[in-house]
Amino acid sequence: MKKILLSFLCFLSLTAFSQTLSTDKSSYQSGEDITVSYSDFSSDTVAYIYQDEAALPLAEHVRVSGSGSYKPEVDWEAGNYRVVAEDAESVFTIAEEELNNSEINIFVVSDLHLMSRNLIIEEGQAFEDAMSSSRKMHEQSEEIFDSLLQIIKREQPDVVFIPGDLTKDGEKVCHEQVAAGLQELLDLGIKTFVIPGNHDINNNNAVAYNGTEEEQVETVSEEDFQTIYANFGYQSAEICPNSLSYFVEPVEGLCLLGIDQYGEMDPTTLQWLLQKADEANAANKMVVAMMHQSLLQHFTAQEQVLSSAAIADGESLAEQFMEHGVHLFLTGHVHLSNISKYYNSTLTDSIVDISTGCPIEYPSPYRWLTIDTQTGKVSVQTRLLRQITSQQNLLAKGKEQLLSQTESILTQTAYKIYPVFEETLKSYENMPGFSYLSPFLPGDKETFAMIIIMFYKEPFEWLLLTMSEGNENRKDADILNRKLKEQTELMQDALLPSDYNISFIRNRLSGMITSLIDEGVSSIMSNISYSQTPYENLTNDLFLDLTLPAHKRVSELPAIRQANRQEEAYDILGRKNNSERGICIKKGQKYLKK
């Protein structure tokens, strides 16, 4: 009997180790067909494909059985890939495409957050605590900045745009170091334009590290910023009288609105910006805006969990900029590479917000835009800085740094959604069984956050990484949703009594938590902006070709504005709605025509 058992175990062992996965090549050019071969798999084994350091596989997966081969139906992007099935794995690389070259080539990088080594007087506990409590790779920020400069020098774009947060926390020494690096580009004829972010001016967190102590260092005022970056926008531009916003034509035919606003848009500054846009349109020039905060929302519930990501009343501002012929915003701040589109009330005009992530935070992105000012065609290509001298796998380092802050990020997220949870509980107070169940529920935001971390940390990490990578809809959302459902059931079983008499209210509470999660997660994973509204749209966050609406001359603008406010009712496709019922838009307002 022993011999039979040993023979059977040996057979199982040999069978397991004989499973193989392989691709016909280890390196591919963009557009090449990829063939995956497999052997000796049991029925219904799933082969998943992972890109770079992603926690979730791509949505496209294949069931393999026995031996054979298949061609993955994937919209490939440049990167390193793993095909995984059970314990077998095969790796391959897809090379980056050559950068497009058109009339105007723009290099976009945001949120440099450079920390000068001069801020480290003496390494010690103060410095270690600051670095260990950040999701950013501040220790590598100088090296990352230098690497980006070398890429720019090699690629020779027509212009570089940096929409804010140039420094760690507004330290003057950091600003001077950034300006010195940008001067190297200018000396080669590569013009750069910057605007300040919320970290850059009059920042009380500007400190140096001296052993166990932090010491205040000199920060910069608005006047200092304008002086330091005189060569990078302010010397050659028309400057707004009441902010550091400016108007300039960096390349013939392309005008830039550098917008220095955070939180809320100052009405006087807005009118100045719109006037400059009108002047550019009158000269038949394309206008691009650059602002630190996002103009548009990128996913449902963003205002609740990332309340400072976008400027206040962004949609209203978007409609005004559209009316004045501005259809493209380049933004940063939120450290996510997203692209969102918004339409006017009749869906006859649109504006696009291209938000670029942070290079010192996973996955270290930057962008290359090409613009044809005559046709309005814009091409967006996203690249990742994959290595620097001290980090041969910068993506892995960035991922490790980001995940070290999961509990902190999840705590802040829980605090923001707790009022919604609390308000919903109030609506259940009169339901039978609620008073019995109430003592088991979290009574404050701290307890609520602790429970969220206990049960949702792992799926939240998957979601956090996926959001950082962009193009969330390419990933397998089913895996995430199953995990969230499992964790919700575990939480329900662990915290709430299972008495039959209160099963109704217990299930209602579970459903409420699921609903709170699903609203945001489904919008994020579908990559749909303005979900379930007339303006919902899906855009490729990383590689996108689009055509902006045609330039509007100033003489045309009053007629267009009047059309958007006229008395006739329109349907959501912008057609006059003369029927008796349906959703209508009139004077920019949506209503139900009965």
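By convention here, each chain's residues receive numbers from 1 onward along its written sequence. Where totals are concerned, whole chains, interfaces and linings use all residues; where local detail is concerned, this predicted model gives features only for residues with pLDDT of at least 70, and gives and counts side-chain atom pairs only at 80 or more. Hydrogens and water molecules were not included; the side-chain quantities draw on all heavy atoms of the structure.

What am I meant to see in helix α9 (residues 394–403) here?
Every α-helix winds through 3.6 residues per turn, so residues three or four apart in the chain are directed the same way. Counted residue by residue, α9 has seven buried out of 10 residues, so it is predominantly covered. Listed in full, the buried residues belonging to α9 are Leu394, Leu395, Lys397, Gly398, Lys399, Gln401 and Leu402. It only takes one pair of heavy atoms within 4.5 Å for two residues to be counted as in contact. The way it works is that DSSP assigns letters per residue, a run of H or I at least four long becomes a helix, a run of E at least two long becomes a strand, and they are numbered from the N terminus. Residues of α9 that are buried in the fold lie against α2 (125–132), α3 (141–155), β21 (377–384), α10 (406–426) and α12 (445–469). We call a residue buried when its accessible area falls under 20% of the maximum for its residue type, exposed when it is over 50%, and partly exposed in between, using a 1.4 Å probe and counting protein chains only.

I would appreciate a short explanation of the packing of α9 against α12 in the present structure.
Each pair of packed helices can be described by the angle between their axes along with the distance between the axes. Here an axis means a line fitted to C-alpha atoms, over the contact stretch when the element is a helix, while the angle between two N-to-C directions is reported on a 0 to 180 degree scale. Between α9 and α12, the least distance of the axes is 11 Å, while the angle of their chain directions is 130°. Taken together, the axis directions place α9 and α12 in an arrangement best described as oblique. Relative to α12, the crossing made by α9 is right-handed. In this structure, α9 contributes Lys399, Leu402 and Leu403 to the contact, and α12 contributes Glu461, Leu464, Leu465 and Ser468. Each residue is assigned to one class: nonpolar for Ala, Val, Leu, Ile, Met, Phe, Trp, Tyr, Cys and Pro, charged for Asp, Glu, Lys and Arg, and polar for all the others, Gly among them. Taken together, the residues of the contact of α9 with α12 sort by class into four nonpolar, one polar and two charged. Between 65 and 115 degrees an angle is taken as roughly perpendicular, under 35 as roughly parallel, over 145 as roughly antiparallel, and anywhere else as oblique. The hand of a helix crossing depends on one turn: near helix anticlockwise from the far one by less than a right angle means left-handed, and clockwise means right-handed.

Is there a simple way to explain helix α13 (residues 477–495) in this structure?
Expected helix span is taken as 1.5 Å per residue step, with the number of steps being one fewer than the number of residues. With 19 residues, α13 should cover 27 Å at 1.5 Å per step; its first-to-last C-alpha distance of 27 Å lies within 8% of that length. All of the buried residues in α13 are Ile479, Leu480, Lys483, Leu484, Gln487, Thr488, Met491 and Gln492. Nitrogen and oxygen atoms within 3.5 Å of one another constitute a polar contact, given that in protein one can donate a hydrogen and the other can accept it, and given that sequence-neighbouring residues count only through two side-chain atoms. The distance from a side-chain oxygen at the start of α13 to the backbone nitrogen of Asp478 is 3.1 Å, and the residue carrying that oxygen is Asp476.

Can you walk me through the sheet that holds β21 in this structure?
Adjacent strands of a sheet pair through backbone hydrogen bonds, lying either parallel or antiparallel. With respect to topology, six strands assemble into an open sheet ordered β10-β9-β7-β20-β21-β24, the strand pairing being mixed. Two strands bound the open sheet, and with one partner strand each, they are β10 (191–194) and β24 (543–547). Neighbour-to-neighbour, the strand axes of the sheet open up by a mean angle of 20°, direction not taken into account. Criterion used throughout: strands pair if DSSP finds at least two bridges between them. Bridge count for strand β20 (residues 365–372) against β21 is eight bridges, and the pairing is antiparallel. Bridge pairing in β21 places Leu369 opposite Val380.

Is there a simple way to explain the pairing of strand β18 (residues 338–343) in this structure?
When a strand is regular, its side chains alternate between the sheet's two faces. Looking at chain direction, β18 and strand β19 (residues 350–355) are connected through six bridges and run antiparallel. By the bridge assignment, Asn338 is partnered in β19 with Ser355. Here β18 hands over to β19 after six residues, with Leu347 in that stretch at a positive phi of 60°.

Before we go on, may I ask you to explain the confidence of the model for the chain in this structure?
When pLDDT drops low, the exact placement of atoms in the prediction is not to be read closely. Scored between 0 and 100, pLDDT is the confidence that the predictor attaches to each residue. In this model, the chain carries an average pLDDT of 87, and 88% of its residues clear a pLDDT of 70 or more. Here residues 553–594 is modelled with pLDDT under 50, and outside its nearest four sequence neighbours on either side it reaches 82 contacts, counting other chains as well.

Quick question: what am I supposed to make of the pattern of salt bridges here?
Pairs can form between side chains of opposite charge whenever their charged atoms are close. Salt bridge, as used here, is a side-chain nitrogen of Lys or Arg placed within 4 Å of a carboxyl oxygen of Asp or Glu. If you walk through the whole model with that rule in mind, you get 18 salt bridges. Taken together, the shared-partner salt bridges connect Glu238, Lys276 and Glu279 into one network.

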